[in-house]
Amino acid sequence: TALITGASKGIGRAIALRLAPAYDIIALARSRSELESLGAEVVAKGGGYTAHTVDLRDPGAIARALDGLHADVVVNNAGVIRRRPFVDMTAAEWQEMMDVNVNAIYHVTHAVLPGMIAQRRGHIINISSIAGRTIFLGGSGYAASKHAVQALSECLMLEVREFGVKVSVVMPGSVAT
């Protein structure tokens, strides 16, 4: 079973479709209609499919969606970018990036990691960005969130590798989604 956040479009959708022949897909995203169309494509590729319409800024919604769920692979893909100078960024924009880009990774991973540890296998894949290692003009909030993803991922890898759980980070640059 592969759990993918931000699965309704872009990189997340492509990952779900790529994994569909080998995994049952559990897709989380905000858009019910896009999740429904993804489901038809996943099933056509031979995968099982479950979708949860979830606002990843809401820890309670994440907990309800993932209660009792087991996943062999977790792809923390959901992300938000608000590209603007720090002085022009609102507190709400900052908080949204931190909630989706960082806090959702905590809540999703925290929900499924105990099951992986108990089974002594699993793979957490965090989609970061090249902004997790570099900087760019107007990227103070986004780069800060992606640097946090890098640190979280690297520390988590050290904590769980003895239990057979792998942690990987993917750092794409700009993509045509």
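Note that the coordinates shown come from a computational prediction; the quantities given were computed from them, not determined experimentally.

What counts as what
- Residues numbered from 1 in each chain as written.
- Predicted model: local features only at pLDDT ≥ 70, side-chain atom pairs only at ≥ 80, totals over all residues.
- Heavy atoms only, no water.
- Helix = DSSP H or I, 4+ residues; strand = E, 2+ residues; numbered from the N terminus.
- Buried < 20%, exposed > 50% of the residue type's maximum accessible area, 1.4 Å probe, protein only.
- Contact = heavy atoms within 4.5 Å.
- Axes fitted to C-alpha atoms, helices over the stretch in contact; angles between N-to-C directions.
- Parallel < 35°, antiparallel > 145°, perpendicular 65-115°, else oblique.
- Left-handed = near helix turned anticlockwise from the far one by under 90°.
- Nonpolar A, V, L, I, M, F, W, Y, C, P; charged D, E, K, R; others polar.
- Pairing = 2+ DSSP bridges.
- Right-handed = clockwise from strand over helix to strand, strands pointing away.
- 1 Å grid on protein atoms, 1.4 Å probe; cavity = no way out; pocket = protein on both sides within 12 Å on 5 of 7 lines; lining within 4 Å.
- Points joined across faces, edges and corners; volume = space filled by probe spheres on them.

*Asks:* Any chance you could explain the environment of K146 here in plain terms?
*Replies:* In this fold, K146 is placed in helix 5 (residues 140–160). Judged by relative accessible area, which is 3%, K146 ranks as buried. Residues K146 and N101, spaced 45 residues apart in sequence, show a C-alpha to C-alpha distance of 7.1 Å. Other than its neighbours up to four places away in sequence, K146 contacts N101, I127, S128, S129, A131 and G132.

*Asks:* Help me out: how do you make sense of the packing of helix 3 (residues 59–66) against helix 4 (residues 91–119) in this one?
*Replies:* Each pair of packed helices can be summarised by the angle the axes make with each other and by the distance between the axes. Two numbers describe how helix 3 lies on helix 4: the axes approach to 10 Å, and their chain directions differ by 25°. The orientation of helix 3 relative to helix 4 falls into the category roughly parallel. Every pair of crossing elements has a handedness; the one defined by helix 3 and helix 4 is right-handed. Residues P59, I62 and L66 of helix 3 pack against A104, H107, V108 and A111 of helix 4. A class-by-class count of the residues in the contact of helix 3 with helix 4 yields six nonpolar, one polar and no charged.

*Asks:* Just to check I follow, could you spell out the sheet that holds strand 1 (residues 2–5) for this structure?
*Replies:* Spatially, 3-2-1-4-5-6 is the arrangement adopted by the six strands of the open sheet, whose pairing is parallel. Among the strands making up the open sheet, the edge pair consists of strand 3 (49–53) and strand 6 (165–170). Adjacent strand axes in the sheet meet at a mean angle of 15° when their direction is disregarded. Pairing between strand 4 (residues 73–76) and strand 5 (residues 122–127): four bridges, direction parallel. Of the residues in strand 5, the one forming a bridge with V73 is H123. Along the sheet face, helix 2 (residues 32–44) touches strand 2 (25–29) and strand 3 and points at about 170° away from the line of strand 3. Of the strands in this sheet, strand 1, strand 4, strand 5 and strand 6 are in contact with helix 4, which crosses strand 4 at around 170°.

*Asks:* Just checking my understanding: could you explain the pairing of strand 6 for this structure?
*Replies:* Remember that side chains alternate between the two faces of the sheet whenever the strand is regular. Bridge count between strand 5 and strand 6: six bridges; the pairing is parallel. When the bridges of strand 6 are listed, I125 appears paired with S168. Note on the crossover from strand 5 through helix 5 to strand 6: the handedness is right-handed.

*Asks:* In this structure, what is going on with the pairing of strand 5? I would like to understand it.
*Replies:* Counted residue by residue, strand 5 has five buried out of six residues, so it is predominantly covered. Where the polypeptide runs from strand 4 across helix 4 and back to strand 5, its parallel neighbour, the crossover connection is right-handed.

*Asks:* Sorry, what's going on with the layout of surface pockets here?
*Replies:* Where empty space is left in the structure can be found by rolling a water-sized probe over the atoms. Taken as a whole, the largest pocket encloses approximately 960 Å³ of empty space. Considering the residues around the largest pocket, the lining is formed by 38 residues, among which N77, G79, V80, I81 and Y142 are closest to the centre. Within the residue set of the lining of the largest pocket, elements represented by two or more residues are helix 1 (10–19), helix 4 and helix 5. Here the lining of the largest pocket gets three residues from one element, more than from any other, and that element is helix 1. Split by residue class, the lining of the largest pocket holds 16 nonpolar, 13 polar and nine charged.

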